[in-house]
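Each chain, written out:
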Amino acid sequence: MRTNDLDLAGLASRVAEVAAQELLPRFQHVTAQRKADGSLLTAADLAVQGRLAALLRQDYPDYALLGEEMAAADQQQLLGASDSGLWCLDPLDGTGNFAGGIPVFAVSLALLRHGRIEAGVVHDPVRGESFWARRGGGAWLNGAPLRVPEAPRHLADTTALVDFKRLPAALATAVATRPPFRSQRSFGSVALDWCWLAAGRCHLYLHGGQRLWDYAAGMLVFQEAGGAGGVLAAYDGAWQDTVELRPRIGLGAADRTLLAAWRAWIGDALQLPGSSSSS
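Residues numbered from 1 in each chain as written. Predicted model: local features only at pLDDT ≥ 70, side-chain atom pairs only at ≥ 80, totals over all residues. Heavy atoms only, no water.

Q: What exactly am I supposed to notice about helix α5 (residues 169-177) here?
A: In an α-helix, one full turn covers 3.6 residues, which means residues spaced three or four apart are oriented alike. Along α5, the positions that sit buried rather than exposed are L171, A172, A174 and V175. The arc enclosing the buried residues of α5, seen along the axis, measures out at 165°, which places them on a common side. Seen from the buried face of α5, the exposed residues on the opposite side, beyond 90 degrees, are A169, A176 and T177. For α5, the secondary structure elements touched by its buried residues are β10 (159-163), β12 (204-210) and α8 (256-270). (Buried < 20%, exposed > 50% of the residue type's maximum accessible area, 1.4 Å probe, protein only. Helix = DSSP H or I, 4+ residues; strand = E, 2+ residues; numbered from the N terminus. Arc of directions from axis to C-beta. Contact = heavy atoms within 4.5 Å.)

Q: I would appreciate a short explanation of the layout of surface pockets in the present structure.
A: The rolling of a water-molecule-sized probe over the atoms marks out the regions of remaining empty space. If you add up the space inside the second largest pocket, you get close to 180 Å³. If you go around the second largest pocket, you meet 15 residues; those closest to its centre are R135, M219, Q223, Q240 and D241. Looking at the lining of the second largest pocket, the elements that each hand over two or more residues are α7 (212-224) and β13 (228-232). The element that contributes the greatest number of residues to the lining of the second largest pocket is α7, accounting for five residues. Tallied by class, the residues present in the lining of the second largest pocket amount to seven nonpolar, five polar and three charged. (1 Å grid on protein atoms, 1.4 Å probe; cavity = no way out; pocket = protein on both sides within 12 Å on 5 of 7 lines; lining within 4 Å. Points joined across faces, edges and corners; volume = space filled by probe spheres on them. Nonpolar A, V, L, I, M, F, W, Y, C, P; charged D, E, K, R; others polar.)

Q: Hey, could you run me through the packing of aromatic side chains in this one?
A: Centre distance and the angle of the planes are the two values used to describe a pair of aromatic rings. What the rule picks out here adds up to twelve aromatic pairs. Geometrically, the ring pair formed by W262 and W265 is stacked, given 5.9 Å between the ring centres and 20° between the ring planes. Of this pair, W262 and W265 both sit in helix α8, three residues apart, roughly one helical turn. Comparing W262 with W265, the two get one shared label, buried. Directly above the ring of W239 sits R263, whose terminal nitrogen or CZ lies 4.9 Å from the centroid. (Phe/Tyr/Trp six-rings, centres within 6.5 Å; stacked < 30°, edge-to-face > 60°. Lys NZ or Arg CZ within 6 Å of the ring centre and 35° of its normal.)

Q: Before we go on, may I ask you to explain the environment of R201 in this structure?
A: Looking at where R201 falls in the secondary structure, it is placed in the loop between α6 (190-198) and β12. R201 sits in the partly exposed class, given a relative accessible area of 37%. Once the C-alpha coordinates of R201 and G115 are considered, the two residues, 86 residues apart in sequence, prove to be 30 Å apart. Side chain to side chain, R201 and E129 meet in a polar contact 2.8 Å long. (Polar contact = N/O pair within 3.5 Å; in protein donor to acceptor, adjacent residues only side chain to side chain.)

Q: Hey, could you run me through the packing of α6 against α7 in this one?
A: When two helices pack together, their arrangement is given by the angle between the helix axes and by the axis-to-axis distance. Axis separation between α6 and α7 bottoms out at 7 Å; the angle between their running directions is 5°. As far as their axial angle goes, α7 and α6 are roughly parallel. Residues V190, A191, W194, C195, L197 and A198 of α6 form the contact with α7, whose participating residues are D214, Y215, G218, M219, V221 and F222. For the contact of α6 with α7, the class distribution of residues is ten nonpolar, one polar and one charged. (Axes fitted to C-alpha atoms, helices over the stretch in contact; angles between N-to-C directions. Parallel < 35°, antiparallel > 145°, perpendicular 65-115°, else oblique.)

Q: What's the story with the side chain of S82 in this structure? I'm lost.
A: Of note, S82 is situated in the loop between α3 (72-80) and β4 (86-93). You can call S82 buried: its relative accessible area is 2%.

Q: What should I look at first to understand the pairing of strand β3 (residues 64-67) in this one?
A: In regular strands, side chains alternate between the two faces of the sheet. Sheet topology note: the β3/β4 ladder contains four bridges and is parallel. Note on β4: the bridge partner recorded for L66 is C88. Viewed along the sheet, the connection from β3 through α3 into β4 turns out right-handed. (Pairing = 2+ DSSP bridges. Right-handed = clockwise from strand over helix to strand, strands pointing away.)

Q: Would you take a moment to explain the sheet that holds β3 for this structure?
A: The strands that make up a sheet are held in pairs by hydrogen bonds between backbone atoms, and each pair lies either parallel or antiparallel. Pairing is mixed in the open sheet, where seven strands are placed in the order β3-β4-β5-β6-β7-β8-β9. Each having just a single partner strand, β3 and β9 (144-145) make up the two edges of the open sheet. Pairing between strand β8 (residues 138-141) and β9: two bridges, direction antiparallel. Paired with W140 across the bridge in β9 is P145. Contacts between helix α2 (residues 43-59) and the sheet are confined to β3, β4 and β5 (106-113), with β4 contributing the most and set at about 150° to the helix. Across the face of the sheet, α7 comes into contact with β3, β4, β5, β6 (116-124), β7 (129-134) and β8 while running at roughly 95° to β6.

If you want it as structure tokens, here you go:
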């Protein structure tokens, strides 16, 4: 099947149905266990992954599924054979929020092919919001075309989404003590971070280490909505267009002018080669 033939609205509806049945009844009635990497796992993660895996096998039998709750060796093997099409699923992005009773979480599903993100769906069951995007074909929110709204012209007038936990100490200190923006937020769901940037709810983004299943669908929504940025292997590195399992830096802004100013400020804070503070 060609990506252009994929019924994204129908797929989003299936994801929303599963989320309504498996996540919302368990919300605020859940216990979590800690995985080997320190992150949390609930019965809801496993229930959503099991339901969607079965539905995707039925509707798209030619595509394999890479899920967050799989062994790393199995994930790598699947990613290496993604040319014919591979689903990448985070059944519950924001498990910590979900387990703690915080209503900020989502299901994230992306289609990968030839090492690139071709399509994605992010569903927020609490707000009833479904975001979806197709590479080169635009982004939508609940069926309406989605474009990043016009943003403030200067960093000082923006609101930034910043995850402090995964930042280098020097950068976290700089952001906390001399922020270049007006206000800061951190919500705990990478998929929704990217989608809310696309919807204009914040203007800048910085996250020091997100996994493929966290960012794949949401980042595509953001980029197809006209946002500037993506993922990086290093703060002074090139944008990463092909996917892999290693964590990546998430960096974005509502437009290219803001992104250039934001990235320059980060370079100065880290004293990267070529920045004003290192010269």
